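So you can see what is in the structure, the chains are spelled out below.
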Amino acid sequence: MLFNSLEFAIFLPVVFLLYWFVTNKNLKLQNILLCCASYFFYACWDWRFLLLLVFSTLLDFFTGLKMQDAEKARSKKFWFWLSIGINLGFLSIFKYYNFFAESFADAVSKIGLQVSPWTLSVILPVGISFYTFHGLSYVIDIYKSRIKAERNFVDYAVFVSFFPLLVAGPIERATHLLPQIKKARTFDYSKAVDGLRQILWGLFKKVVIADNCAQFANQIFNDYTDHSGSTLIMGAIFFTFQIYGDFSGYSDIALGTARLFGIELLRNFAFPYFSRDIAEFWRRWHISLSSWFKDYLYIPLGGSIGGNWTRIRNTFIIFVVSGFWHGANWTFIVWGALNALFIMPSIILKTNRNHLETVAQGRILPTAKEFLQVAITFSMTVFAWIFFRSENIGQALGYVSGIFSKSVFTIPTIRPSNLIVLLILFMIIEWFGREEQFAIAKLGSKWKRPMRHAVYYLIVFVIIMFSKKDQPFIYFQF
Amino acid sequence: MRKFTIHLLTFILVLLTILAAFLLFHRYCGNFKVNENSSILIVGHSHPECAFNDSLIGGVKNYAASGESYFYTYFKTKKIIEENPEMTTVLIEFSNNQIRVAKDDWIWNEEYILNRLPKYGAYMDFEAYRLLFTKNPKGLMNAMPGLFKYSLNQAFGGYKIQEDIGGYLYLERNKTDSLVASINQNPDPENSSNAISAYNLKYLQKLIDYLTSLNKRVFLIRSPLHDLYEGYSNEKQFQELRKTDFSGIEFLDFSKFALENSEFGDLEHLNYKGARKFSLWFNQLLLEGLLEKNEKQDFINASIELAKKQSDI
């Protein structure tokens with residue numbers, strides 16, 4: 001069930017009405033409803049994978065309890081590693097097994113040995129990377145005694161499988177989400193309206209920006225050898241907007257939907273394309289994943305303690321792992337490594353925390369220096385996305401070499417003027433809303449209601465006019 | 001909560017009202033005016049779409065479209081005729097596969113609803129919507145945003161519907177030889193059943209009734225087909241049905257028009273070479289007064305024979 005589908009447009013109001021009108025007096029019932037609705041939502045993809053989700057939930061729930069109740073450290077360790085092993089085992093089998101098998105066969109063929117890899121023909125369960133990371137953070141937090149194990153299975157199941165975040169995040173933490181699930185929730189008018197507004201903006205980003213950019217990005221990437229350097233640049237820019245519109249659009253819908261149920265999810269995007277350096281970009285892009293890796297990988301590895309060498313090593317590790325998290329392909333690993341390279345100067349010079357506040361905070365326009373910084377960072381990001389989007393390293397290198405050719409000085413052959421105007425307008429709206437949670441959070445907040453609603457109607461009309469058939473979200477494959 | 005529900009419902013209600021207004025705009029202002037001065041209209045599915053190159057035939061406009069059932073053709077033709085009263089003659093494709101029950105799927109199957117409803121939904125009546133809702137409610141609901149999209153685009157986007165409802169299709173392919181070679185290996189499952197379409201033919205009858213009520217001349221036609229076309233398997237049933245259900249309408253059968261394998265795209269569609277040859281011949285027939293003759297089919301058959309002899313020489 002896609003967020004941008006008719007099924008979801010029916011599912012959401014039904015759950016919403018049951019939640020606030022039927023089960024509103026009883027928290028237990030509300031959580032049971034959320035759990036059932038989430039499992040139904042997930043089963044709509046493929047009911048067989050629901051078994052995997054339930055198993056993963058049961059595993060972490062029980063190992064959490066066992067760790068909590070363990071009297072000996074050895075026993076606690078056993079249950080911890082059992083959970084980690086099984087969770088990562090599932091992830092490895094479904095997501096990485098074929099990659100490793102094929103890479104191994106490739107590697108040994110280089111030394112003259114021929115091995116035919118035994119690969120699995122399995123479909124990647126939707127959202128496995130996301131709910132596995134939920135479970136991992138929960139188990140690690142219990143092991144490190146940061147939290148106590150949850151004793152109510154339904155509450156824990158809602159934490160893992162709450163439908164807005166189930167298939168593509170944000171990756172939540174037990175410390176943030178579980179207390180909200182356990183606390184009675186009251187309906188808040190302004191939060192619900194805010195949620196609807198965020199859903200609307202998320203749909204705009206997905207349907208209008210991402211899906212329309214996808215059409216041209218796919219066209220250019222699929223036949224990259226036939227296009228001029230300037231067209232290839234256009235293709236990379238279209239993909240840059242596609243992935244932002246797609247993923248941040250999804251996150252906006254997820255956050256807005258959760259808000260309708262009185263639950264605040266972690267923010268996942270904070271206008272990343274207005275970053276002044278790569279370090280700032282990574283504080284603003286897929287925030288829940290970056291902070292997960294920081295807390296559960298970077299810091300345990302020693303973080304920034306221990307001098308430059310440790311910082312460089314750890315930074316490389318988390319970026320490469322982060323790339324690999326996205327998928328079993330060398331392109332993702334190179335994309336991660338490229339970002340690590342881009343961020344390295346600021347790590348070495350210790351300037352990675354120079355830009356903590358929003359660019360041009362309190363001002364309408366940026367300074368020339370800020371503008372230049374944003375433009376350079378954006379260009380580096382566009383370059384890195386080429387590797388992310390390419391099918392393989394060969395294509396990525398071919399694409400890049402195509403850009404750095406004489407034809408880069410020609411006029412692009414693919415330049416959809418409607419879409420370009422739309423992208424410019426989109427960036428202007430994003431710019432003016434950059435200090436808020438999402439771009440239209442405060443748009444027209446001081447206007448009279450009819451005027452404000454006219455803007456919302458206009459957004460709805462643009463969504464309808466630019467809509468294409470149900471397009472899946474890119475991050476569902478991760 | 002109450003305030004939120006009221007505000008949300010009001011918002012949705014206003015939105016639906018605005019969208020309905022655009023739909024009405026689409027219904028009454030949709031432009032089906034054909035620029036060319038044509039008096040003959042051709043409608044139907046992919047067979048005439050690929051066969052009649054109307055740029056080679058004087059006074060003819062081909063608005064046939066691939067995969068179009070009579071259900072959608074009915075609403076499309078109504079609108080075209082309303083806006084182009086100079087069109088006095090309508091040629092409706094009537095071939096073997098259009099009587100099969102499988103063609104009812106062309107009305108309500110998801111793929112077809114999503115493609116056709118946005119274009120013709122604004123002109124459809126309650127009965128048509130009821131049929132779609134009964135047969136495929138999910139498909140109908142999924143197609144509604146597309147209908148609104150068309151309406152909005154027509155109002156704001158300068159969208160020209162007459163450029164999107166069919167027309168001669170220039171087909172380049174030629175896979176006839178390979179199809180002939182494998183003809184018995186991959187039989188088309190559609191031909192295994194002799195069941196007759198109920199809904200598709202009902203709308204053909206409605207279309208004929210509508211056109212005759214306006215005193216338009218209506219002909220059923222069959223475009224050229226390859227001799228090995230599998231659809232001929234129901235020929236007897238086809239002829240019986242034509243004689244019983246559509247006896248009052250003249251049938252012009254061009255199916256035996258002689259063409260080489262290289263002039264077919266496949267066994268039921270002409271490629272551009274075949275379309276050129278057939279269209280020039282058909283144009284000559286019209287110039288010779290085909291539609292005014294008493295024994296039209298005899299005239300056609302004689303012309304086909306003559307063309308065959310000429311090509312043999």
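Thresholds applied
- Residues numbered from 1 in each chain as written.
- Chains lettered and ligands numbered in written order.
- Predicted model: local features only at pLDDT ≥ 70, side-chain atom pairs only at ≥ 80, totals over all residues.
- Helix = DSSP H or I, 4+ residues; strand = E, 2+ residues; numbered from the N terminus.
- Rg over C-alpha atoms; globule rule 2.2 N^0.38 Å.
- Buried ≥ 20, exposed ≤ 12 C-beta atoms within 10 Å, placed from the backbone.
- Contact = placed C-beta atoms within 7 Å.
- Nonpolar A, V, L, I, M, F, W, Y, C, P; charged D, E, K, R; others polar.
- Pairing = 2+ DSSP bridges.
- Axes fitted to C-alpha atoms, helices over the stretch in contact; angles between N-to-C directions.
- Parallel < 35°, antiparallel > 145°, perpendicular 65-115°, else oblique.
- Expected span 1.5 Å × (residues − 1).
- Arc of directions from axis to C-beta.
- Left-handed = near helix turned anticlockwise from the far one by under 90°.
- Right-handed = clockwise from strand over helix to strand, strands pointing away.
- Domains from an automatic or database assignment.

Colleague: How do you make sense of the overall build of chain A when you look at a structure like this?
Modeller: Check the secondary structure of chain A and you find 18 helices and 0 strands. Its C-alpha radius of gyration of 23 Å places chain A within 12% of the 23 Å reference for a compact globule of 478 residues. Out of the 478 residues in chain A, the part that is buried amounts to 42%. Put simply, 72% of the contacts in chain A that link residues at least 6 apart link residues at least 24 apart.

Colleague: How should the overall build of chain B be read in this particular structure?
Modeller: When you go through chain B residue by residue, the secondary structure sums to 12 helices and 5 strands. A compact globule built from 313 residues should have a C-alpha radius of gyration of about 20 Å, and chain B, at 21 Å, falls within 12% of that. Seen through its principal axes, chain B has C-alpha atoms that stretch 85 × 45 × 40 Å. Counting across all 313 residues of chain B, residues that qualify as buried make up 42%.

Colleague: What am I meant to see in the interface of chain B and chain A here?
Modeller: With 15 residues of chain B at the interface, the matching set in chain A holds 13 residues. Of all the elements in the fold, those that place two or more residues in the side of chain B that touches chain A are helix H1 (2-29) and helix H7 (137-156) of chain B. With 7 residues, the top contributor of residues to the side of chain B that touches chain A is H7(B). Its residues placed into classes, the side of chain B that touches chain A shows 10 nonpolar, 3 polar and 2 charged.

Colleague: In this structure, what is going on with the sheet that holds strand S1 (residues 40-43) of chain B? I would like to understand it.
Modeller: To summarise the sheet geometry, strands pair through backbone hydrogen bonds and adopt either a parallel or an antiparallel arrangement. All names here are of chain B. Spatially, 5 strands are ordered S2-S1-S3-S4-S5 in an open sheet, and the strand pairing comes out parallel. Because the sheet does not close on itself, it has two edges, and the strands there are strand S2 (60-62) and strand S5 (250-253). Strand after strand, the sheet turns through a mean of 25° between neighbouring axes, direction not considered. Bridging between strand S4 (residues 217-222) and S5 involves 4 bridges; their strand directions are parallel.

Colleague: Please clarify how unusual backbone geometry should be interpreted in this entry.
Modeller: Trans peptide bonds make up most of the peptide bonds, and negative phi angles are found at most residues other than glycine. All names here are of chain A. The phi dihedral of histidine 286 falls on the positive side, at around 40°, and the residue is not glycine. Mapped onto the fold, histidine 286 is located in the loop between helix H11 (278-284) and helix H12 (287-298). Residue histidine 286 is classed as buried on the basis of its C-beta count, with 23 C-beta atoms lying within 10 Å. We note that lysine 350 has phi near 55°; this positive angle belongs to a residue other than glycine.

Colleague: Teacher, can you tell me more about the packing of helix H10 (residues 229-260) of chain A against helix H15 (residues 368-389) of chain A here?
Modeller: Each pair of packed helices gets described by two things: the angle between the helix axes and the distance between those axes. All names here are of chain A. Put simply, H10 and H15 touch, their axes get as near as 9 Å, and they point 80° apart. Judged on the interaxial angle alone, H15 and H10 are roughly perpendicular. Residues Ala236, Ile237, Phe239, Thr240 and Ile243 of H10 form the contact with H15, whose participating residues are Thr381, Val382, Trp385, Ile386 and Arg389. Looking at side-chain class alone, the contact of H10 with H15 contains 7 nonpolar, 2 polar and 1 charged residues.

Colleague: What is the right way to read helix H9 (residues 199-213) of chain B from this model?
Modeller: Owing to its 3.6 residues per turn, the α-helix aligns residues three or four sequence positions apart on the same side. Residues and elements named next belong to chain B. A rise of 1.5 Å per residue sets the reference length of H9, with its 15 residues, at 21 Å; its end C-alpha atoms lie 21 Å apart and thus fit the reference within 8%. Buried within H9 we find Asn200, Leu201, Tyr203, Leu204, Leu207, Ile208 and Leu211. With its buried residues spanning 160° around the axis, H9 presents them on a single face. Turned more than 90 degrees off the buried face of H9, the exposed positions are Asp209 and Ser213. Tucked inside the fold, the buried residues of H9 contact helix H3 (70-83), strand S3 (89-93), helix H4 (105-108), S4 and helix H10 (235-245). Remark: asparagine 215 follows H9 within two positions and exhibits a positive phi of approximately 60°.

Colleague: Can you walk me through the environment of B:Val101 in this structure?
Modeller: Residue and element names in this part refer to chain B. Considering the arrangement of structural elements, one finds valine 101 in the loop between S3 and H4. The partly exposed category is assigned to valine 101, around which 16 C-beta atoms lie within 10 Å. As for valine 101 and leucine 220, which are separated by 119 residues in sequence, their C-alpha atoms are 19 Å apart.

Colleague: What's the story with the packing of helix H2 (residues 27-43) of chain A against helix H6 (residues 153-161) of chain A in this structure? I'm lost.
Modeller: Residues and elements named next belong to chain A. The N-to-C vectors of H2 and H6 enclose an angle of 40°; their axes lie 9 Å apart at closest approach. One way to sum up the angle between H2 and H6 is to call them oblique. Considering only the axes of H2 and H6, their crossing is left-handed. In this structure, H2 uses Asn31, Ile32, Leu34, Cys35, Ser38, Tyr39 and Tyr42 to contact H6, whose residues at the interface are Val154, Asp155, Ala157, Val158 and Ser161.

Colleague: Whenever I open this one, the pairing of S4(B) confuses me. Can you help?
Modeller: The two faces of the sheet receive side chains in turn, since in a regular strand these alternate between them. Residue and element names in this part refer to chain B. Pairing between S3 and S4: 5 bridges, direction parallel. Across the sheet, residue valine 90 finds its bridge partner in S4, namely valine 218. In this region the chain leaves S4, passes through H10 and returns to the parallel neighbour S5; the handedness of that crossover is right-handed.

Colleague: Would you mind going over the domain arrangement of chain A with me for this structure?
Modeller: Where the parts come together, the accessible area they lose is often given as the size of the interface. Residues and elements named next belong to chain A. Entries for chain A in the domain assignment read domain 1 (6-186) and domain 2 (190-276 + 355-477). Once you take the C-alpha centre of each, domain 1 and domain 2 turn out to be 29 Å apart. Between domain 1 and domain 2, the contact holds 17 residues from the first and 17 residues from the second. Here the side of domain 1 that touches domain 2 gets 3 residues from one element, more than from any other, and that element is helix H1 (residues 6-22). Its residues placed into classes, the side of domain 1 that touches domain 2 shows 11 nonpolar, 4 polar and 2 charged.

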